[in-house]
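Chain and residue survey
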Amino acid sequence: MHNTLSQQLTASQRKAVFHTEGPLLVLAGPGSGKTRVITYRIAALIESGVRPYNICAITFTNKAAEEMRNRAMTLGASAGAYISTFHSLCVRILRQYADQAGIHPNFSIYDSSDQARCIKQAVKNCELDTTNFSPARMLDAISTLKNKLIDAESFKTGADDFFSVKLAEIYLSYQHILSELNGLDFDDLLMKTAFLLQDCPDVCRQLGDRFGYLLIDEYQDTNHAQYSIAKALASNHNNICATGDPDQSIYRWRGADIRNIMAFESDWPDAMIVKLEENFRSTANILAVADHLIAFNRNRKLKKLIPTKPEGESIRVTGFEDENEEAHAVAQHIKELTGKGVSLNDIAIFYRVNAQSRALEEAFVRSKLPYQIVRGVEFYRRKEIRDLLAYLKILVNPDDEIALLRIINTPARGIGKVTTERIRAYAARHRISFFEALKKSNNIDSLPKAAKAKLAVFINMLGQFAKDVAGKVAPLAERVFTESGLAESLRAGGPDGLNAIENLNELINSAAEYDKQAEQPSLLDYLQQISLFSDTDAYDAASDRVALMTLHAAKGLEFEHVFIVGVEDGLLPHERSNSGEDDEQLEEERRLFFVGITRAKTGLYISHARYRTVRGQFLRTIASEFLFELGTDFTEQGRDDDFDVDDHDDYDSSSQTVPRFKKGQLVRHEKFGLGRIKEFLDMGENSVITIKFNSGQTKSLVLKYANLSEVDI
DNA sequence: CATAGCCGCCTTTTT
DNA sequence: GGCGGCTATG
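Residues numbered from 1 in each chain as written. Chains lettered and ligands numbered in written order. Predicted model: local features only at pLDDT ≥ 70, side-chain atom pairs only at ≥ 80, totals over all residues. Heavy atoms only, no water.

Some details on the packing of helix α8 (residues 135-147) against helix α10 (residues 162-180)
Put simply, α8 and α10 touch, their axes get as near as 10 Å, and they point 80 degrees apart. Put simply, α8 runs roughly perpendicular to α10. Contacts between α8 and α10 involve Met-138, Leu-139, Ala-141, Ile-142, Leu-145 and Lys-146 on the former and, on the latter, Phe-163, Leu-167, Ile-170, Tyr-171, Tyr-174, Gln-175 and Leu-178. Looking at side-chain class alone, the contact of α8 with α10 contains 11 nonpolar, 1 polar and 1 charged residues. (Axes fitted to C-alpha atoms, helices over the stretch in contact; angles between N-to-C directions. Helix = DSSP H or I, 4+ residues; strand = E, 2+ residues; numbered from the N terminus. Parallel < 35°, antiparallel > 145°, perpendicular 65-115°, else oblique. Contact = heavy atoms within 4.5 Å. Nonpolar A, V, L, I, M, F, W, Y, C, P; charged D, E, K, R; others polar.)

Here it is, written out as structure tokens:
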């Protein structure tokens, strides 16, 4: 086997695959065959006598894990190896060691909308107004703290200014609410696991034995909590293999810390480092563009992109009038490609924000082009799906008040706000959960007879469902669907209702799929699994449709032809990444573009629109500065003779003698080259303009001497 | 208690 | 532009 594996690999890949003892860092550029290296390595470990049971490979998404499992299977290797994501691993650990972690094993996993409810309640409990302490802000702050492994108590100890003190209160209250509901948010999964491994040496040792060989993919996107978990697990045996590419780190905003991968050598002094710099995916022209772009990042380790494929076609950057024209042109272009025999599932379109999918979708419908929007979590956010899942959640975790309140009157069964408030008051008075109070509703004096009767019917129904909790999920889901009255109420609800029924049937089908695939299907496991579903998990590579997705979702994928749309200032780089003093955020946006570009094998088509509808307003855009960093001569494009002078700006220029400049605009200076206006101090003819040039330096110049020319595209 | 309609809020990326 | 929450009405 060693030989058969070996001959398909390059020298550096072979080194990474067969150096099977001790710490190993694989610095892998895009398209370097990294996934293949990991799967071959798993096979090589097993070949060398390691039990599959002792191998743990962690990937970034469930999809990636599934793919790796399949690949390893074809090498005849994967049976028994634990291949999963960080979050799934944490769920598994927390369930097994719930006692030591101080939680209940049947916890609910709370997504952002559940979190929003809890944080609102927490802010209210602290008697703070939601203008200064907006729920989104608070959640963000708490998430950052959790990713840094700072729990509510220790944060409170260190809080010294007004804001921190208040945040600490909210944090404590939020955690209190979650624990009462027996719920964990995504960050809790990581934090609680990290603390468990820190605080319980026994558990840490047991898990170290269980997972004697640890492989972690996309190490550049681990946050501190994940880093701590990985380090703790591997501290027992040093058999850690991390792979990643600092240039593809795109989750800094989520706490990912490039330093984790940069510091690997000092964390594991005897680590072997293997670089995979050859690119087997993209044409030389695509790589040249990617390389030229990423070179503008100063905060990076130099890495080569060595092409192995021929030059290929040169890279096109095209400007369009607005987003609809752009979308239409993309659709037309795709038709041309399919005319040449390209299949639809070899084509993908990437954009910065989900809202951009709309114009594309409309164009595709009009052009009758089949497409899939890769947005897995959306399905689970639908009202009817959440409703049915809420019934199922209650059966597993009765403390989940959020789920309970959701279904107590869905479908309408005459249990209104007044009734639930009375139950809630009773629960608070007797210090019991809402569910406990519900069961005792007969004893609640404030409730009228009619209400008590309705509640009794509801409770009885849940009791009936609970009898079927063990075993397969799909039959139970089906039963709940009909007996809860959901099916009937939707059937009466017109075309929207029919659509909802279809969605629920799809959910039941997916549950049946789970039943088939799971070793030991259980409702708890099913619910926890689908909570960890990601957008990419919905991507169906086999279906013959064009894939539409965000640049983030594109990570780890590859396509024959890639379109990247809306490469405009404010969108890519996104305006919200503009806030920092440093360039870190801008560099991350650049990496995001880099990731998108390097997904393409043969065709790469980049575009921007001169006008775009943003929040309902038709606005003039500015081309992204990144477009000037590709090393292509795109400024010459789209400037045909018929290019009409912008009549929208006419009234502006007529009233001004000095050219008007505004923040964000792109300008050219004779000596310093291309730059972007950071600040414009309007003082008539003495106006001062601050420009950040692409060379990296920032200069303040007096406008009348600066001799700037507008760069307009 | 249910429903419809209106107002005001947010609005990047995601496990 | 879209959703959630609130209010007024039946």
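Now that the structure is up, let's keep going.
Here's the deal with the state of the cysteines
For the coordinates displayed, the defined rule picks out 0 disulfides. You can see Cys-118 has no disulfide; the closest cysteine sulfur is in Cys-126, sitting 13 Å from it. With no disulfide of its own, Cys-200 lies closest to Cys-204 among cysteine sulfurs, the gap being 9.4 Å. A relative accessible area of 18% places Cys-200 in the buried class. (Disulfide = S-S within 2.5 Å. Buried < 20%, exposed > 50% of the residue type's maximum accessible area, 1.4 Å probe, protein only.)

Concerning the pattern of salt bridges
In the structure shown here, the tally under the stated rule is 41 salt bridges. Its salt-bridge partner being Arg-375, residue Glu-378 comes within 3.7 Å of it at the nearest N-O pair. Among the residues examined, Glu-378 registers a relative accessible area of 40% and is labelled partly exposed. With relative accessibility at 22%, the residue Arg-375 sits in the partly exposed group. One salt bridge connects Lys-383 with Asp-387, and the closest N-O pair in it is separated by 2.9 Å. With Lys-383 and Asp-387 both in helix α20 (residues 383-396) and 4 residues apart, this pair spans about one turn of that helix. For Lys-383, a relative accessible area of 52% corresponds to the exposed category. Here the salt bridges do not stand alone but share partners, grouping Lys-34, Asp-217, Glu-218, Asp-221 and Lys-555 into one network. (Salt bridge = Lys/Arg side-chain N within 4 Å of Asp/Glu carboxyl O.)

As for the pairing of strand β12 (residues 347-351)
Burial analysis of β12 places 5 of its 5 residues in the buried class, the great majority of the element. Of the two faces of β12, the one holding Ile-347, Ile-349 and Tyr-351 and the one holding Ala-348 and Phe-350 are both buried throughout. With 4 bridges joining them, β12 and strand β15 (residues 559-564) adopt parallel strand pairing. The partner of Ile-347 across the bridge, within β15, is His-561. The pairing of β12 with strand β14 (residues 546-550) spans 4 bridges and is parallel. Looking at β14, one finds that Ala-348 is bridged to Ala-547. (Pairing = 2+ DSSP bridges.)

A word on the protein's contact with DNA strand B
Taken together, 21 residues lie near DNA strand B, and Arg-352, Asn-354, Val-418, Thr-419 and Ser-534 sit nearest. Contact between DNA strand B and Thr-550: a phosphate oxygen at 3.0 Å from a side-chain N or O atom of the residue. Take His-574: an N or O atom from its side chain is 3.2 Å from a sugar or linking oxygen of DNA strand B. Here the surface near DNA strand B is built from residues that sort into 5 nonpolar, 11 polar and 5 charged. (Near = heavy atom within 4 Å. Polar contact = N/O pair within 3.5 Å; in protein donor to acceptor, adjacent residues only side chain to side chain.)

Some words on the packing of α20 against helix α27 (residues 494-517)
Where α20 meets α27, the axes come as close as 9 Å, and the angle between the chain directions of the two elements is 50 degrees. One way to sum up the angle between α20 and α27 is to call them oblique. With respect to the hand of their crossing, α20 and α27 are arranged in right-handed fashion. In this structure, α20 contributes Glu-384, Ile-385, Leu-388 and Leu-389 to the contact, and α27 contributes Ala-500, Asn-503, Leu-504 and Leu-507. Looking at the contact of α20 with α27 residue by residue, the class counts come to 6 nonpolar, 1 polar and 1 charged. (Left-handed = near helix turned anticlockwise from the far one by under 90°.)

Quick word on the sheet that holds strand β2 (residues 55-59)
The strand order across the open sheet built from 6 strands is β3-β2-β6-β7-β1-β8, with neighbouring strands paired in parallel fashion. Edge positions in the sheet fall to β3 (82-85) and β8 (272-276), since each of these pairs with one other strand and no more. Each strand axis lies, on average, 15 degrees off the axis of its neighbour in the sheet, ignoring direction. Sheet topology note: the strand β1 (residues 24-28)/strand β7 (residues 240-244) ladder contains 4 bridges and is parallel. By the bridge assignment for β7, Val-26 is matched with Thr-243. With respect to the sheet, helix α13 (residues 224-234) is in contact with β6 (213-216) and β7, its orientation differing from that of β6 by roughly 155 degrees.

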